[in-house]
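Understanding the architecture of this molecule
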Amino acid sequence: MRPPFVITVDGPAASGKGTVAAGLAAVYGLAMLDSGLLYRAVGVLAERAGLDLDNAEAAAGIARRLRAEDLGDPAFRTRGAGEAASRVAVHPAVRLALRDLQLAFARRPEGAVLDGRDQGTVICPEAPAKLYVTAAPGVRAERRWKQLQAQGEAVGYDEILADIVKRDERDGSRADSPMRPAADAVLLDTSQMTIEQAADAARRIVEAARARWEAS
Ligand code: CDP
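What follows is about the packing of aromatic side chains. Aromatic ring pairs are reported here in terms of the distance separating the ring centres and the angle at which the planes meet. Under the defined criterion, the tally for this structure stands at 2 aromatic pairs. Taking 6.0 Å as the distance between ring centres and 55 degrees as the angle between the ring planes, the aromatic pair formed by phenylalanine 5 and tyrosine 28 counts as tilted. Residue phenylalanine 5 is located in the segment before strand 1 (6–10), and its partner tyrosine 28 is located in helix 1 (residues 17–28); the two are separated by 23 residues in the primary sequence. For the pair phenylalanine 5 and tyrosine 28, one class covers both residues: buried. Judged by its relative accessible area of 3%, phenylalanine 5 falls in the buried class. The aromatic ring of phenylalanine 5 is capped on one face by arginine 210, whose charged end is 4.6 Å from the ring centroid.

Quick look at the structure:
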């Protein structure tokens, strides 16, 4: 039987994957899961509880208690939240605790768009459409700088670039579910693209995958 039409959009920080994923969700009328937000929430809530982010069991306790309705806090969108997320995301117990929520999303019969680091490799390897969105670190740092400025968080470009490089390294080298493209993911490098160009390119890739899925 044909799997649901799931689109996975993985890639590093500020690569444009969130924007691409939201655009695809609108075009295809699909619900979208921002899986990074789950890790951000666990990181921030663990910090607020005064826990050590390197303590896997403590962070997993927070992850097990996380509910979809807890995810609206704007504090989860800050620079510090991204860093906290990446630290708790190395723990297998945290990843396991967040797995069911992600699987439930991936198995929606009507399909979905899943945004993250391991959606195409671990959460939904059977997804008919997989994208891996990247961009050069300097371009990503500039995008994130603008985004944080717009949110009222003034941070220097150099610090953001350093954050991004450190996070790429941590996310890419962890043993459990490292950030990497699935074997059948299509790479989309958005370094030289505007948001509209990236969204168009993503739609063309997904159209081709959808045609194959419909014929299957
Ligand atoms: O928006 P940005 O790409 O900066 O971050 P995000 O997608 O919200 O993810 C924040 C952090 O959560 C990442 O750096 C990863 O460490 C972790 N994450 C993960 O491990 N697995 C996912 N599926 C999504 C995020």
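Once that is clear, we can look at unusual backbone geometry. When glycine is set aside, most residues are seen to have a negative phi, and most peptide bonds are trans. Within the chain, alanine 14 stands out as a residue other than glycine whose phi angle is a positive 60 degrees. By the secondary structure assignment, alanine 14 is in the loop between strand 1 and helix 1. On the basis of relative accessibility, which here comes to 10%, the residue alanine 14 falls in the buried class. Although it is not a glycine, serine 177 sits at a positive phi angle of roughly 55 degrees.

What follows covers the packing of helix 2 (residues 35–48) against helix 4 (residues 79–88). At their nearest, the axes of helix 2 and helix 4 sit 7 Å apart, and the two run at 95 degrees to each other. Classed by the angle they form, the pair helix 2 and helix 4 counts as roughly perpendicular. Listed contacts from helix 4 to Tyr39, Arg40, Val42, Gly43, Val44 and Glu47 of helix 2 are Ala81, Gly82, Ala84, Ala85 and Val88.

Another aspect to go through is the site of the ligand. Arg40, Arg95, Arg144, Arg167 and Asp171 are the nearest of the 19 residues found near the ligand. Between the ligand and arginine 95 there is a distance of 2.8 Å, counted from an oxygen atom to a side-chain nitrogen or oxygen. At 3.3 Å, a side-chain N or O of glutamine 119 approaches a nitrogen atom of the ligand. Contact with the protein chains covers 95% of the free accessible surface of the ligand, which is 530 Å². Mapped onto the shell around the ligand, the elements with two or more residues apiece are helix 2, helix 4 and helix 9 (157–173).

Counting residues in each nonpolar core, the largest one holds 22 residues, and the members touching the most others are Tyr39, Val42, Leu66, Leu71, Val94 and Leu98. For this core, the secondary-structure elements that each account for two or more residues are helix 2, helix 3 (56–65) and helix 4. Not counting the four nearest positions on each side in its chain, leucine 71 is found in contact with Leu37, Leu38, Ala41, Leu66 and Phe76. If you look at the next biggest cluster of nonpolar residues, it comprises 21 residues, including Leu24, Ala25, Leu30 and Val113.

Moving on, we come to helix 8 (residues 137–150). Taking 1.5 Å of rise per residue, the 14 residues of helix 8 would be expected to cover 20 Å, and the 20 Å separating its terminal C-alpha atoms lies within 8% of that figure. Inspection of helix 8 places Arg140, Ala141, Arg144 and Leu148 among the buried residues, and these make up the whole buried set. Across the axial projection of helix 8, the buried residues extend over an arc of 100 degrees, all falling on one side. Here the buried face of helix 8 lies against helix 2, helix 4 and helix 9. Immediately beyond the C-terminal end of helix 8, within one or two residues, lies glycine 152, with a positive phi of roughly 85 degrees.

Every regular strand shows the same layout, with side chains that alternate between the two sheet faces. Counted residue by residue, strand 3 (residues 112–116) has 5 buried out of 5 residues, so it is predominantly covered. Of the two faces of strand 3, the one lined by Ala112, Leu114 and Gly116 and the one lined by Val113 and Asp115 are each fully buried. Taken together, the 5 bridges between strand 1 and strand 3 define a ladder with parallel strand orientation. Following the sheet pairing, valine 6 is matched in strand 3 by alanine 112. Bridging between strand 2 (residues 32–34) and strand 3 involves 3 bridges; their strand directions are parallel. Note on strand 3: the bridge partner recorded for aspartate 34 is aspartate 115.

Reading the values: the criteria
By convention here, each chain's residues receive numbers from 1 onward along its written sequence. Residues qualify for local features only when their pLDDT is at least 70, as the model is predicted, and side-chain atom pairs are given and counted only at 80 or more; totals for whole chains, interfaces and linings, by contrast, use all residues. Excluded from the side-chain calculation are hydrogens and water; included are all heavy atoms of the structure. By convention, a stacked pair of Phe, Tyr or Trp rings (six-membered ring in the case of Trp) has centres within 6.5 Å and planes under 30 degrees apart, an edge-to-face pair has planes over 60 apart, and any other such pair is tilted. Secondary structure elements are taken from DSSP: a helix is a run of H or I of four residues or more, a strand is a run of E of two residues or more, and numbering for both begins at the N terminus. Buried, partly exposed and exposed residues are distinguished by accessible area as a fraction of the type maximum, computed with a 1.4 Å probe on protein chains only: under 20%, between the cut-offs, and over 50%, respectively. Both a distance and an angle decide whether a charge sits over a ring: NZ of Lys or CZ of Arg must be within 6 Å of the ring centre and within 35 degrees of the ring normal. In this description, a line fitted to the C-alpha atoms serves as the axis of each element, helices being fitted only across the stretch in contact, and the angle between N-to-C directions of two axes falls anywhere from 0 to 180 degrees. Our angle categories are set so that under 35 degrees counts as roughly parallel, over 145 as roughly antiparallel, 65 to 115 as roughly perpendicular, and the remainder as oblique. Any two residues whose heavy atoms approach within 4.5 Å are treated as being in contact. The cutoff for a nearby residue is simple: one of its non-hydrogen atoms must lie within 4 Å of the molecule or strand. Think of a polar contact as two N or O atoms within 3.5 Å of one another; within protein, one of them needs to be a possible hydrogen donor and the other a possible acceptor, and neighboring residues in sequence only count if both atoms come from side chains. Using the Shrake-Rupley algorithm and a 1.4 Å probe, accessible areas are obtained, with residue cover drawn only from the displayed protein chains. Residues belong to a common nonpolar core when they are buried Ala, Val, Leu, Ile, Met, Phe, Trp, Tyr or Cys residues joined through side-chain atoms within 4.5 Å. A helix's residues, less one, multiplied by 1.5 Å, set its expected span. Arc definition: it is the arc formed by the directions from the helix axis to the C-beta atoms. DSSP-based pairing: two strands are paired if at least 2 bridges between them are found.

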